Amino acid sequence: MERVTTSDPAPAREDEAGTDRPILEVRDLTLRFGGVTALDGVSFEVGRGELFAVIGPNGAGKTSIFNCLNGVYRPQEGTITLDGERLVGRAPAAIAAMGVARTFQNLGLFEHLTLIENLMLGRHHLMRTGFGTGMLWWGRAKREEVRHRAAVEEIVELLELEPYRRMPAGLLPYGVAKRAELGRALAMEPSLLLLDEPVAGMNLEETEDTARYLVEVRRELGLAMILVEHDMRLVMDLADRVLALDFGVAIATGKPSEIQNHPAVIEAYLGGAR
Ligand SMILES: Nc1ncnc2c1ncn2[C@@H]1O[C@H](COP(=O)(O)OP(=O)(O)OP(=O)(O)O)[C@@H](O)[C@H]1O
């Protein structure tokens, strides 16, 4: 059952969706699987244009947060509010249509489709003219397609994917495929982007490239992003603020420099290594 706390600093009302309010507000999120408490009363906010990172040892609950945010898991308690709209209880497709996009740890591209086709699929939910209507109203459908193609080409340019436009996704080098997946998520025109271990399996050069593209995306699009990542250097370099989890509990939230030196965070990582 949803628990609405009185401590919510900003009640979820659409008319208050002003620019100063955080784009995402998570309050007292609790998620249980039988006897396992994956998330235990977790609260945090993400500001507009903020790059917010979630860290923690294996099994801390990072993926569970993403799965609650995009509607794959339904938390037993707590609220999630995106721009004044409650998310808990909505289906993943509805949440995606509200502006929450996600990249996956393992690639989520269609291997036989070209890079451009994959990006166009990312825009599917934004397309109003289906095939049937398109036949009847081909003029409007054509104009709409031109608009969508132009939006996709902007992303291709931003992420420097031009040389790979017509290549089937399955043939892309790994680093490029990860970038294409970022492009597919951006093609959705999200208001919140969830980045699930964007540099997993990358070498140093690819990791540095990814960091550069994320900085670029942020500068160009001013998009709010949540980053789950084990690469601490990337997190500390890129994030505005960091939430550290341990056994489903939020043990610290703050600037990267504060989190790096936080005794509870150090203990959580060293404890896990013992
Ligand atoms: N579908 C599920 N069924 C049962 N238990 C689950 C499920 N999903 C997650 N859990 C449990 O919830 C806890 C948190 O898992 P989660 O995957 O969110 O951690 P994580 O921080 O993402 O870990 P990692 O860094 O290894 O990906 C773990 O104890 C995990 O076993």
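Residues numbered from 1 in each chain as written. Predicted model: local features only at pLDDT ≥ 70, side-chain atom pairs only at ≥ 80, totals over all residues.

## Quick word on the overall build of the chain
In terms of regular secondary structure, the chain is built from 10 helices and 10 strands. Once local pairs closer than 6 in sequence are excluded, the contacts in the chain between residues at least 24 apart make up 67%. (Helix = DSSP H or I, 4+ residues; strand = E, 2+ residues; numbered from the N terminus. Contact = placed C-beta atoms within 7 Å.)

## Comments concerning the sheet that holds strand 8 (residues 224-228)
With mixed pairing, six strands are arranged side by side in an open sheet as 6-7-8-3-9-10. Two strands bound the open sheet, and with one partner strand each, they are strand 6 (100-103) and strand 10 (249-254). Ignoring strand direction, the axes of neighbouring strands in this sheet form an average angle of 20°. Of the pairings in the sheet, the one linking strand 3 (residues 51-55) to strand 8 comprises four bridges and is parallel in character. Note on strand 8: the bridge partner recorded for L51 is M225. Contacting strand 6 and strand 7 (192-196), helix 6 (residues 174-187) crosses the sheet at an angle of about 170° to strand 6. (Pairing = 2+ DSSP bridges. Axes fitted to C-alpha atoms, helices over the stretch in contact; angles between N-to-C directions.)

## A word on the site of the ligand
Near the ligand, the surroundings consist of F33, V36, A38, G56, N58, G59, A60, G61, K62, T63 and S64. Of all the elements in the fold, those that place two or more residues in the shell around the ligand are strand 2 (36-46) and helix 1 (62-69). Residue composition of the shell around the ligand, by class: four nonpolar, six polar and one charged. (Near = placed C-beta within 6 Å. Nonpolar A, V, L, I, M, F, W, Y, C, P; charged D, E, K, R; others polar.)

## Description of unusual backbone geometry
Glycine aside, negative phi is the norm for most residues, and most peptide bonds take the trans geometry. Located in the positive-phi region is D28, a residue other than glycine, with phi close to 50°. Along the chain, D28 turns up in strand 1 (residues 24-33). Although it is not a glycine, E197 adopts a positive phi angle of roughly 45°. Of note, E197 is situated in the loop between strand 7 and helix 7 (204-221). Of the residues examined, E197 has 20 C-beta atoms within 10 Å and is grouped as buried. (Buried ≥ 20, exposed ≤ 12 C-beta atoms within 10 Å, placed from the backbone.)

## Some words on helix 7
Across its 18 residues, helix 7 extends 25 Å between first and last C-alpha, which sits within 8% of the 26 Å expected from 1.5 Å per residue. Residues T210, L214 and V217 constitute the buried set of helix 7. An end-on view of helix 7 places all buried positions within 60° of arc, on one side of the element. Facing away from the buried side of helix 7 by more than 90 degrees, the exposed set consists of L204, E205, R212 and R219. Where helix 7 ends, the next residue or the one after it, G222, has phi of about 55°, a positive value. (Expected span 1.5 Å × (residues − 1). Arc of directions from axis to C-beta.)

## Comments concerning the nonpolar core
Taken as a class, soluble globular proteins show a tendency for nonpolar side chains to be buried jointly. Within the largest apolar cluster, 69 residues are counted, with the highest numbers of intra-cluster contacts made by L194 and L227. By residue number, the principal contributor to this core is helix 6, which donates seven residues. Those residues within four positions of L227 in sequence are excluded, and the remaining contacts are L51, A53, L195, V235, L238 and A239. (Core = buried A, V, L, I, M, F, W, Y, C linked by C-beta atoms within 7 Å.)

## Some thoughts on the packing of helix 3 (residues 115-122) against helix 6
The geometry of helix 3 relative to helix 6 is characterised by a closest axis approach of 7 Å and an angle of 35° between their N-to-C directions. As helix 3 packs across helix 6, the resulting crossing turns out to be right-handed. In contact with L115, N118, L119 and G122 of helix 3, helix 6 contributes A180, G183, R184, A185 and A187. By residue class, the composition of the contact of helix 3 with helix 6 is five nonpolar, three polar and one charged. (Left-handed = near helix turned anticlockwise from the far one by under 90°.)

## Observations concerning the sheet that holds strand 4 (residues 77-82)
Here we have four strands laid out as an open sheet, ordered 2-1-4-5, and antiparallel in their pairing. Strands with a single pairing partner mark the edges of an open sheet, and in this sheet they are strand 2 and strand 5 (85-86). Judged from the seven bridges that link them, strand 1 and strand 2 form a sheet pairing that is antiparallel. In the strand pairing of strand 2, L24 is matched with V46. Helix 1 contacts strand 1, strand 2 and strand 4 of the sheet and is inclined by roughly 65° relative to strand 2.

Nothing here speaks to function; it is geometry throughout.
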